[in-house]
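# Reading the structure
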Amino acid sequence: MSETTDMASRPGREASSERGKALANLIFNAALAALFVGLFVQAGDLPSSMWEPLGAGSFPRLILGALVIFNLAIVVQSALALRQADPATRVGVGRWFVQRRLAFATLAAFCVYALLMPWIGFALASLLFLLAVQVILGARRGRRLLIACLVAAVFGLGLYALFSHVFLISLPSGRLW
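To keep things clear, this report deals only with the structure shown in the data block.

About the thresholds
Residues numbered from 1 in each chain as written. Predicted model: local features only at pLDDT ≥ 70, side-chain atom pairs only at ≥ 80, totals over all residues. Heavy atoms only, no water. Helix = DSSP H or I, 4+ residues; strand = E, 2+ residues; numbered from the N terminus. Contact = heavy atoms within 4.5 Å. Phe/Tyr/Trp six-rings, centres within 6.5 Å; stacked < 30°, edge-to-face > 60°. Buried < 20%, exposed > 50% of the residue type's maximum accessible area, 1.4 Å probe, protein only. Axes fitted to C-alpha atoms, helices over the stretch in contact; angles between N-to-C directions. Parallel < 35°, antiparallel > 145°, perpendicular 65-115°, else oblique. Left-handed = near helix turned anticlockwise from the far one by under 90°. Nonpolar A, V, L, I, M, F, W, Y, C, P; charged D, E, K, R; others polar. Expected span 1.5 Å × (residues − 1). Bend = angle between axes of the 7 residues up to and from the residue.

### Comments concerning the environment of V135
Looking at the element boundaries, V135 is found in helix α4 (residues 101-136). The sequence separation of V135 and C149 amounts to 14 residues, and the corresponding C-alpha distance is 9.7 Å. Residues within four places of V135 in sequence aside, it is in contact with R140 and L145.

In structure tokens, the structure reads:
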């Protein structure tokens, strides 16, 4: 393909890409805002301590509230960009999602991690999460898988031991284990 042909087709690809990015950002940030709202509600159920006048859920709620506001701002910005994009160019959303499939797989693994933690506890859930993310990112055989298992064990179980024995902070234990 010549340079003139490439230059002539570039505006169409860029318009298509912009529409795809806007729609994908709108969907992704709306989903994140919904997830953060759910976590915001659950943060109110955190047990409070006698040393914390505001309660254990106040800091997570502050952070999650800010994240919801940021995500909603991005949704509005993406909706405006989507309205300005040419509706005739409908290609690009699927490609955008495929290009970011590792990020979406990691996000899905984090959601499973958050759902599993009340059932199997912090230590085992963290171990499984770290191992799953490393497998998603490419550690599938041999030496890489062995290193991934070691990293998951050190950080998953090591953080649990550090918090429970050194800092004397109890992390969630599961109902099943």
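### Some words on unusual backbone geometry
Positioned with a positive phi, L168 is a non-glycine residue whose angle comes to about 55°. Topologically, L168 is positioned in the segment after α5 (142-166).

### Examining the packing of aromatic side chains
Under the defined criterion, the tally for this structure stands at five aromatic pairs. The interplanar angle of 85° and the centroid separation of 5.1 Å between the aromatic rings of F28 and F104 together place this pair among those described as edge-to-face. In this pair, F28 sits in helix α1 (residues 3-43) while F104 sits in helix α4, placing the two residues 76 residues apart along the sequence. What makes F28 partly exposed here is its relative accessible area of 24%. Taking the centre distance of 5.9 Å and the plane angle of 45° together, the rings of F110 and Y113 count as tilted. Here F110 pairs with Y113, and both are found in helix α4, just three residues apart, close to one helical turn.

### Section: the packing of α4 against α5
The interhelical angle for the contact between α4 and α5, taken along N-to-C directions, is 150°, at an axis separation of 8 Å. Here α5 runs roughly antiparallel to α4, going by the angle between their axes. Remark: the crossing between α4 and α5 carries right-handed chirality. Between α4 and α5, the residues in contact are F122, A123, S126, L127, L130, L131, Q134 and V135 and L145, I147, A148, C149, V151, A152, A153, F155, G156, L157, L159 and Y160, respectively. Across the contact of α4 with α5, the residue classes tally to 17 nonpolar, three polar and no charged.

### A closer look at α4
An ideal rise of 1.5 Å per residue puts 52 Å on 36 residues; α4 reaches only 10 Å between its terminal C-alpha atoms. Along α4, the helix axis deviates most sharply at G121, where the bend reaches about 130°. Those residues of α4 not exposed but buried are A109, Y113, M117, I120, G121, F122, A123, A125, S126, F129, V133 and Q134. As for α4, its buried residues are in contact with α5. G138 sits one or two residues past α4 and shows a positive phi near 130°.

### Examining the side chain of N71
You can see N71 is positioned in helix α2 (residues 58-84). Owing to a relative accessible area of 6%, N71 belongs among the buried residues under this scheme. In contact with N71, not counting residues within four places along its chain, are N29, L32, A33 and F36.

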